[in-house]
Amino acid sequence: MLTLSSRTHSNSFCDGLSRRSFLRIGAMGLGGLSLSQLLRAEAQSGKGKSQKALIMIYLPGGPPHQDMFDIKVDAPSEIRGEFSEIATNVPGVRICELLPGMAKIADKLVFVRSVVGAKDRHESFQCLTGRLNEKPPPGGWPEIGSVVSKLQGSTGSAVPPYVNLSQKMQHTPYNQGRNSFLGIGHSPFMPLGSVKDDMTLNGVTLERLHDRRSLLTAFDGFRRDADASGSMSGLDDFEAQAFDILTSSRLLKALDVSGEPDKLRTRYGKGTAQVQGDAAPRLNEQFLLARRLVEAGVRVVTLSYSFWDWHGGNFKNARQNLPDFDQAVSALVEDLHQRGMDKDVTVIAWGEFGRTPRINKDGGRDHWPNVSCALMAGGGMHTGQAIGATDRQGGEATERPVHFEEIFATLYHNLGINPTTTTVPDLTGRPHYLVDGTWQPMKELIG
Amino acid sequence: MKRFLFLTTFLALPAAYAETKLELHTGIPGGKPAVLKGKDASLQLVATAVPSDKAPFDVTRSVTWTVEPASVLTISKTGVATPLTDGTATVIATSDGTKATATINVTGAASWRTASFTHEIVPLFTKYGCNGGGCHGKSEGQNGFKLSLLGFEPGEDYEHLVFESRGRRLFPAAPENSLLMLKATGEMPHGGGARMERGTPDYLALVRWMEQGAPPGNPDDPHPVSISVFPPERLLQPESTQQLQVTAQYSDDSFRDITTSVQYDSAAKDMLEVSSTGLVKAAKLTGDAAVMIRYKEMAGVFRATIPLGAPMGEFPPERNFIDRHVFAKLRTLGLPPSAVCDDATFLRRVTLDIAGRVPTTTEAESFAADKNPDKRTALVDRLLASTDYAEYFAGKWSALLRNKRGNSPARTTYAFHGWLRESLNSNKPYDQFVREILAASGSISGNPATGWYRAVTKSQDQLQDVAQVFCGQRLQCAQCHHHPYEKWSQQDYYGFAAFFSTVARKPADEPGEEAVFNQWRDAFALNPKTQKNVKPTPLGGQVLALKPQDDPRRSLASWLTAPENPFFAKMLVNRYWKHFFGRGLVEPEDDMRVTNPATNPELMDGLAHHFTESKFNLKALVRSICLSSTYQLSSLPNEHNATDRQNFSRFFPRRLPAEVLLDAIDTVTGIPTKFAGQPAGARAVALPDDSFNAGNYFLTVFGRPDNTSACECERSQDSSLAQSLHLLNSKGLQEKLSGAEGRAAALAKDKAAPEDRIRRVFLTLNARTPTAEETKKALDYVTAREGKPAAWEDLIWALINSKEFLFNH
């Protein structure tokens, strides 16, 4: 416990001190730590029993920031919209009347009202990678889950580090699980997307699969020590995992919410399995699935929720969507708190851009990349705050503009990864920092 | 390479040591005395024991050091000399009665030298990571203070450090209280933490430089022109150490020890560790490894070979120069190779590697039955003559040369792919092949070789691709800053870019096509750093004098494909070596830096020489590789070489590439996959471009590249859970297994004895006959399910999912 500095350059901050050694110094300074403090320090340094994790809810199409967390009650009627605001349990923070569930637990949430740096493009790319896809490096930018998969790997249990719960969406740029310079080995496992068809038995009974497996065992005698690279044994591991899935497994169980108490399932709500627009269904169950997957050892779970590109009927759509969204988010955040996972699991919900201040002739709002919003929770962050502000019309960030990459820096930080000193190599071997430029984790939320 | 002279003395001594010499290295060539100039000078001496019967080894830390007269200088136990008073002294190293001496002149010992900002201060910023890409070296700087990345722009650094922010960073009146020093030591809050400690030599060097008035230095001051590393290479016993010594030669022909000023990076940390003072420690892993040494824009390398020293036993026959070089390395390492593989394994291996397919049942049967002692040679020749070879390698080149469909008409990618296939089929010499691509003009329909220009439209990508694909030089870095590990500067980058500056396009007669042509004008590219135009300049060469009517691309192609080009042949042989062995002699295969040496340089030279001498004959290269005993070694390890991953003491198994695997499954199930717009029975390896990936989950999930990069690393050989699920349980595979026209159905109907059918299944799947045990297991399984195709489906399914099938081994 007395190590004062470790000059290893991997996994260390810019000052050459690792987080652990920093914690040790802290311990010395305080004259020692209690057991619970030690355990917490362990957990914070990513070595504890529970893993740091991220649940990202992507809202395809771009949700209306000014009708959710940033109601402009004083704006002229062509801008203001139809909703009034309500108080939350955080004094001074007011949100849309359609979000009463969130209002009740606003102390556990962060409303970012001033997300900037978006492009007017209907795609999940920036929400998933933090990057604009202007000049991608050879191989393409990786999604945050792929980066975490590369840096931290699987938690050791038979589950993949990165799971994407999206189904294939009609508007293809909404889809996730892109290949990147990190290679397909770090692409998300997509149990409802690309691998869905392979997860239930195709034309064979379970009994026959067992027969086949015994046959495979009998014939798969090639000497594993012929391969020093580990790729053969890696394949064996995946094969075992795949059999687990096909028979019955932790992962498969995690994907089945039927074992959850009815009360909890009711708490999360239903939504609808109907695909919305050219995007995703509004399935509240996926929030519960995400939590179950994290419990099973997944590090990053991403999902797509409903369809938010409301060029017409903005308010009608909001009345349909926001209550379901409110229920799902508040249930998930409360659930994570009740299970003591709130320090480890970060939740974020956001879309690719905001909506125009002015309501158009169809009662809709159009694309508005100038400013948008994000909802965050958990991750050991200082919750119970609204960050940033927009002008009277909700058109520009006037206070504390928050860049996409700042949010990514914060997400990486919460996952126990230093975003400003950690690099991943692209196909040319050039190292890339996880966030560009000088973006740092958001001071308001960490530390 | 310079010759260094050692001052050596033989002394008579106990018999056991009688044949061991002791040598002392000072870094000064020509036997001249070493010089310690200035109060802060230091010199790392390296003492080496040179036994007459064994490889030399480092004894710097075990000899006894003495100095005569002792008043002139002092020397530490680790061999570092520092001055005391002016004069000449002899340093004596003694070990077991053996002695070696070196003369050192001490001058200016009473006073500090004036440090050069450019050559001594800036390298400190590099050494302590201040100007790294994560801190002040990034393009925006850090918290308002910007340094040039890795110190390649000392003029800018001086400006920022001394004058910017009203000069607040330096405080010459009390240097130790300068913002610079307080931040560097962490005495003031510093995002980067404490980087150096008060009182250390480097700290004092910075302080003294400020005391001297923070001089910017004179452009005429002597500057370092080269660095040399001692020793350049060494056989290092496992877990032994080696002290390095690094000397800079200056423009005034003086020398200075910079052992503690350079940056050391071990390329294989599991084999070699290196300290900031140049002490290298070998681990237990056997093989070759290198330490990269960087100082300003110069780089050097120390290569170590860590032997195993196992008993050698009998080697396979040395069939050509490849075996000679590989086996010589294995003997040096004491790493005995595995035996040569059996016929069935060779047949499958070489058919997969040359033709991109598994052998047919007939091929497997007839090769086993063939009594010709030279049948392996005949097989290689037959495969090379087949169109399968051309199809398979055309796919490889198609990916590298980015034959991506995009929005172009299909005929464009098809035409380029067809041209590649024909070039390989007719065995067009590689130099001609590259010349035709590089200097191509016209439209695709008129000249399919313009396909590369169709896909790669920006001159930036053109020069980077050419440098990477044909030279193994990754120039990308040098677009914005000096290459951190190589000699390439922005000037080199834009000099190379200038070759493509006159490439122009116009709409072609054929719809959807453009014609590429050379515009008649002076070729140049603007170096944004100097704001000056640079004329076409080959890498490491002189500026070319071209007339406006000359096509610079022709000059580039001539330079590139000349037999004396230092990159061209090596890059290709390394790429092909990797194709057949799964690992390049240099890894990554297209990153052939001085600081990233080959694991077997003699073999690399031998291959390049052979290839050049053959007039760039690709088939001849493949033939030499495949006929070597090295390629034919078994993948099964002996008791010594299981952990070998780089010395080719056995064959390294690797998973079949996506297309090859899909074709193999089609072959063994008897049901081909259909590809849109392709004739029935078209092989996946022969698909002309990337456009088939989107519609074929198998190809996507197993990592067929999208042809977006000039690097073969775009092809992912990673395994994943999704792949395993797909192989074990995909609808597509089950349909192939149970298809009425498929192999399982045919086997179920077959009236031949079950043993015979089982034998054929194994020949089809694994190119070998089953063992008695395998036959029995399979027989039990199918007999219990008599007459049902399902039993045969299951048997084929199990064999497909076995590692023996999924891997080339």
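Just so we're clear, the structure is a prediction, and the values are computed from it rather than from any experiment.

Reading guide: rules and limits
- Residues numbered from 1 in each chain as written.
- Chains lettered and ligands numbered in written order.
- Predicted model: local features only at pLDDT ≥ 70, side-chain atom pairs only at ≥ 80, totals over all residues.
- Axes fitted to C-alpha atoms, helices over the stretch in contact; angles between N-to-C directions.
- Helix = DSSP H or I, 4+ residues; strand = E, 2+ residues; numbered from the N terminus.
- Parallel < 35°, antiparallel > 145°, perpendicular 65-115°, else oblique.
- Left-handed = near helix turned anticlockwise from the far one by under 90°.
- Contact = placed C-beta atoms within 7 Å.
- Nonpolar A, V, L, I, M, F, W, Y, C, P; charged D, E, K, R; others polar.
- Pairing = 2+ DSSP bridges.
- Buried ≥ 20, exposed ≤ 12 C-beta atoms within 10 Å, placed from the backbone.
- pLDDT = per-residue confidence, 0-100.
- Core = buried A, V, L, I, M, F, W, Y, C linked by C-beta atoms within 7 Å.

Enquirer: Even after reading the chapter, I still don't get the packing of helix α16 (residues 568-581) of chain B against helix α18 (residues 618-627) of chain B, so can you show me in this structure?
Expert: When two helices pack together, their arrangement is captured by the angle between the axes and the distance separating the axes. Residue and element names in this part refer to chain B. Across the interface, α16 lies against α18 with an axial gap of 11 Å and an inter-helix angle of 45°. Relative to α18, the element α16 lies oblique. Considering only the axes of α16 and α18, their crossing is right-handed. On the side of α16, the interface is formed by Val 573, Tyr 576, Trp 577 and Phe 580, while α18 contributes Leu 621, Val 622, Ile 625 and Cys 626. Of the residues belonging to the contact of α16 with α18, the class tally is 8 nonpolar, no polar and no charged.

Enquirer: Please clarify how the sheet that holds strand β3 (residues 43-44) of chain B should be interpreted in this entry.
Expert: The strands making up a sheet associate through hydrogen bonds between their backbones, and the pairing can be parallel or antiparallel. An order of β3-β8-β7 (chain B) is seen for the 3 strands of this open sheet, with the pairing classed as antiparallel. Two strands lie at the open edges of the sheet, namely β3 and β7 (73-75) of chain B, each paired on one side alone.

Enquirer: Could you clarify how one ought to interpret helix α12 (residues 285-295) of chain A in this entry?
Expert: Think of an α-helix as 3.6 residues a turn; residues three or four steps apart then line up on the same face. Among the 11 residues of α12 of chain A, 8 are classified as buried, and the element is accordingly described as predominantly covered. At the exit of α12 of chain A stands Gly 297 of chain A, carrying a positive phi of roughly 115°.

Enquirer: Looking at this model, I keep getting lost on the environment of Ile 348 of chain A. Mind explaining?
Expert: All names here are of chain A. Position of Ile 348 among the secondary structure elements: in strand β9 (residues 345-350). Ile 348 sits 43 residues away from Asp 391 along the chain, and the two C-alpha atoms are 24 Å apart. What Ile 348 contacts, discounting residues up to four positions off in sequence, is Met 56, Ile 57, Ala 374, Leu 375, Met 376 and Leu 411.

Enquirer: Looking at this model, I keep getting lost on the confidence of the model for chain B. Mind explaining?
Expert: Note: predicted coordinates in regions of low pLDDT should not be interpreted at a detailed level. Residue and element names in this part refer to chain B. Put simply, chain B has an average pLDDT of 92, and 98% of its residues get 70 or more. Contacts from residues 1-17, a stretch scored under 50 in pLDDT, to residues over four places away or in other chains number 35 contacts. Here the predicted complex carries an ipTM of 0.84, next to a pTM of 0.86.

Enquirer: Please clarify how the nonpolar core should be interpreted in this entry.
Expert: A general trend in soluble globular proteins is that nonpolar side chains are found buried together. Core analysis: the biggest nonpolar cluster contains 263 residues, and Ile 55, Val 301, Ile 348 and Leu 375 of chain A together with Leu 795 and Ile 796 of chain B have the highest contact counts within it. Those residues in contact with Leu 375 of chain A that lie beyond four places of it in its chain are Phe 69, Leu 109, Phe 111, Val 329, Ile 348, Ala 349 and Trp 350 of chain A. Counting 50 residues, the second largest nonpolar core, distinct from the first, contains Ile 75, Ala 100, Leu 236 and Val 246 of chain B.

Enquirer: What is the right way to look at the interface of chain B and chain A in this model?
Expert: The parts lose accessible area when they come together, and the size of an interface is often stated as this lost area. In this assembly, 62 residues from chain B lie in contact with 54 residues from chain A. Secondary structure elements with two or more residues in the side of chain B that touches chain A: α20 (697-701), α21 (721-729), α22 (731-738), α25 (772-784), α26 (789-800) and α27 (803-806) of chain B. Broken down by class, the residue content of the side of chain B that touches chain A amounts to 24 nonpolar, 24 polar and 14 charged.

Enquirer: Would you take a moment to explain the pairing of strand β1 (residues 53-58) of chain A for this structure?
Expert: Successive side chains on a regular strand alternate, one facing one side of the sheet and the next facing the other. Residues and elements named next belong to chain A. The buried count for β1 comes to 6 of 6 residues, which makes it a mostly enclosed element. Judged by which residues are buried, β1 turns out to be covered on both faces: Ala 53, Ile 55 and Ile 57 on one side and Leu 54, Met 56 and Tyr 58 on the other are all buried. Sheet topology note: the β1/β9 ladder contains 6 bridges and is parallel. Bridge assignment links Tyr 58 to a residue of β9, and that residue is Trp 350. Here 5 bridges tie β1 to strand β8 (residues 300-304), and the two strands are oriented parallel to one another. Counterpart to Leu 54 in the pairing with β8 is Val 300.

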